[in-house]
Number of protein chains: 2
Amino acid sequence: MLSKAQIKFIQSLQRNKFRSEYQQYIAEGAKIVPELIQAGAKIVQLYALPEWITQNSLLLEQHHLVAETINTNELAKISALAAPNQVLAVIAIPQYETNIAPEGLSIALDAIRDPGNLGTLVRTADWFGVKRVYCSTDCVDLYNPKTVQSTMGSIARVEVVYTNLEVLFVSHPRVPVFAADMQGKSLYETKMPDNGILLIGSESHGVSPVLLSLSQPITIPRFGDAESLNAAIAASIVLAWWRGNP
Amino acid sequence: MLSKAQIKFIQSLQRNKFRSEYQQYIAEGAKIVPELIQAGAKIVQLYALPEWITQNSLLLEQHHLVAETINTNELAKISALAAPNQVLAVIAIPQYETNIAPEGLSIALDAIRDPGNLGTLVRTADWFGVKRVYCSTDCVDLYNPKTVQSTMGSIARVEVVYTNLEVLFVSHPRVPVFAADMQGKSLYETKMPDNGILLIGSESHGVSPVLLSLSQPITIPRFGDAESLNAAIAASIVLAWWRGNP
């Protein structure tokens, strides 16, 4: 049975302030939790319904994990979901070096504010084999429940680092930065850099001028009338094009 | 001043049942409403704060529109947004033929349930010059407020038709259908068809078997470990690749 203190602690992790303080976040659901376990996420605590524990006994054993049995009422209390789903994990936020040199293809995100967009960006990065995503410090928090759910497990495979992008770009002058912008060289005339950063700006303001001045702008040609593309869509299109034109 | 009946009517349009009955929907905000007016949406009624009307007097005149002046309290009552934004439009749902032959490049969506995904798909279709999107009848309603907002005005430029996709494909046997799937020919080995349909399945179940049997499966090569791609992301990648390889 869960104590009041446990319930209060888990609920507190729905807020950025407490996630920062404890360096822990929550992930929920019968689909994402096993994925996170398999991807090597550092599980601090698992709370699950008896049937989930039975079904996942092999997985738990392989990863030397023990889940605390709870009932549906308790799950409802600690869940951030409208429809709580069998299992909730408390996970340690991984600690990465913030100014580490980019290797291979990386993504940098400037002021992405939408949790779903950030989650989808991380998931797409994972699909295209991008190992590291740099976020400006004013990006939405990766570990908020909505973003965690939309990464579909990729949150444990991609290194997401919050850092000052200007400092990052200036301290690694040999790594080219390509900014997805409304103006610039056509994407279709570019090829994938062996080592480089794809910079994606916020939907409302695009890439900020200071970062744009440190980048080579590229643009996704438009064939119709939409005013712009969603940030995650733009990033995906560039990554897919580059991977197909190495 | 708004009557109780007006307020009740506008609020009712937040529900699918009443949108179907009246064949009208609502769009809100200082960014999307002018876009919809310019794109030729059939405005039934406009409700706006005095400052919006002043700022948009030329636009209103050009389109022979008169907005009803309301105050912020009234706007809050009729708005579906947490932060109501200056103007709300009641718009007639356009009527399209449901089994019309596909021309050029079209998209078909099989059981897309997420409102934001559908909106983003329509917006991306508009960017890449796709004129028509066919939705299976179990797709989420295009005219729900969340989807309307996420189309960013493209809702008035792209023909979105709800229809039986199986009947559509069978009645136009000369139009090739390409299904985005986990298996199939690599996207990178395909070129844009002059005339064809890109079929996108639901996130949870993919393309349904009966539709898949009427299609040529294509797949977006994976370079990392993510299990799948978001439906709107997958569609965008294919469209961008095809437009770059005509």
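All figures in this text were calculated on a predicted structure; none of them were measured in a lab.

The rules we used
Residues numbered from 1 in each chain as written. Chains lettered and ligands numbered in written order. Predicted model: local features only at pLDDT ≥ 70, side-chain atom pairs only at ≥ 80, totals over all residues. Heavy atoms only, no water. Core = buried A, V, L, I, M, F, W, Y, C linked by side-chain atoms within 4.5 Å. Buried < 20%, exposed > 50% of the residue type's maximum accessible area, 1.4 Å probe, protein only. Contact = heavy atoms within 4.5 Å. Axes fitted to C-alpha atoms, helices over the stretch in contact; angles between N-to-C directions. Helix = DSSP H or I, 4+ residues; strand = E, 2+ residues; numbered from the N terminus. Parallel < 35°, antiparallel > 145°, perpendicular 65-115°, else oblique. Left-handed = near helix turned anticlockwise from the far one by under 90°. Nonpolar A, V, L, I, M, F, W, Y, C, P; charged D, E, K, R; others polar. Domains from an automatic or database assignment. Buried area = accessible area lost by both parts, 1.4 Å probe. Salt bridge = Lys/Arg side-chain N within 4 Å of Asp/Glu carboxyl O. Polar contact = N/O pair within 3.5 Å; in protein donor to acceptor, adjacent residues only side chain to side chain. Pairing = 2+ DSSP bridges.

**Focus: the nonpolar core**
One finds A:Leu46, A:Leu109, A:Trp242, B:Leu46, B:Leu109 and B:Trp242 to be the most contacted residues of the largest nonpolar core, which totals 126 residues. If near-sequence neighbours (up to four positions away) are discounted, B:Leu46 is found in contact with B:Val33, B:Ile37, B:Leu60, B:Leu65, B:Val66, B:Ala67, B:Glu68, B:Val87, B:Leu88 and B:Ala89.

**Thoughts on the packing of helix α7 (residues 115-127) of chain A against helix α11 (residues 231-244) of chain A**
Residues and elements named next belong to chain A. Close contact between α7 and α11 brings their axes to 9 Å; oriented N to C, the two are set at 10°. One way to sum up the angle between α7 and α11 is to call them roughly parallel. In terms of crossing hand, the pair formed by α7 and α11 is right-handed. In this structure, α7 uses Asn117, Thr120, Leu121, Thr124 and Ala125 to contact α11, whose residues at the interface are Ala231, Ala232, Ala235, Ser236 and Leu239. By residue class, the composition of the contact of α7 with α11 is six nonpolar, four polar and no charged.

**Here's the deal with the domain arrangement of chain A**
Residue and element names in this part refer to chain A. As far as domains go, chain A holds domain 1 (4-92) and domain 2 (105-244). With centres defined by C-alpha atoms, the gap from domain 1 to domain 2 works out at 30 Å. Between domain 1 and domain 2 lies a buried interface of about 1,100 Å² when both sides are counted; carbon and sulfur atoms form 63% of it. Scanning the region where domain 1 abuts domain 2 turns up two salt bridges. At the junction of domain 1 and domain 2, the tally comes to three residue pairs in polar contact (both at pLDDT 80 or more). Contributing elements (two or more residues each) for the side of domain 1 that touches domain 2: α2 (16-22), β1 (24-28) and α3 (32-38).

**Section: the sheet that holds strand β10 (residues 216-219) of chain A**
All names here are of chain A. Across the sheet, which stays open at both edges, the six strands sit in the order β7-β6-β5-β9-β8-β10 with parallel pairing between neighbours. Where the open sheet ends on each side, the last strands, each with one partner, are β7 (159-162) and β10. Averaged over neighbouring strand pairs, the angle between their axes works out to 35° when direction is ignored. Pairing geometry for strand β6 (residues 132-135) and β7, over four bridges, is parallel. Directly across from Cys135, in β7, lies its bridge partner Tyr162.

**Some details on the interface of chain B and chain A**
It is common to give the size of an interface as the accessible area that goes away when the parts come together. The interface of chain B with chain A comprises 35 residues on the first partner and 35 residues on the second. Across the interface of chain B and chain A, roughly 3,000 Å² is buried in total on both sides, 63% from carbon and sulfur atoms. Viewed at the interface, chain A and chain B are joined by four salt bridges. Note that A:Glu203 and B:Arg123 form a salt bridge whose closest N and O atoms lie 3.2 Å from each other. Counting across the interface, chain B meets chain A through 22 residue pairs in polar contact (both at pLDDT 80 or more). Elements with a contribution of two residues or more to the side of chain B that touches chain A: α7 (115-127) and α11 (231-244) of chain B. No other element matches the eight residues that α11(B) contributes to the side of chain B that touches chain A. When grouped by side-chain class, the residues that make up the side of chain B that touches chain A number 15 nonpolar, ten polar and ten charged.

**Let's talk about unusual backbone geometry**
Residues and elements named next belong to chain B. In this model, Gln23 sits at a positive phi of 55°, which is unusual for a non-glycine residue. Within the secondary structure, Gln23 is located in the loop between α2 (16-22) and β1 (24-28). Classification of Gln23 by relative accessible area gives partly exposed; the value is 31%. One non-glycine residue with positive phi stands out, namely His64, at about 55°. With respect to the helices and strands, the residue His64 is situated in the loop between α5 (57-62) and β3 (68-69). Take His64: its relative accessible area is 72%, and that puts it in the exposed class.

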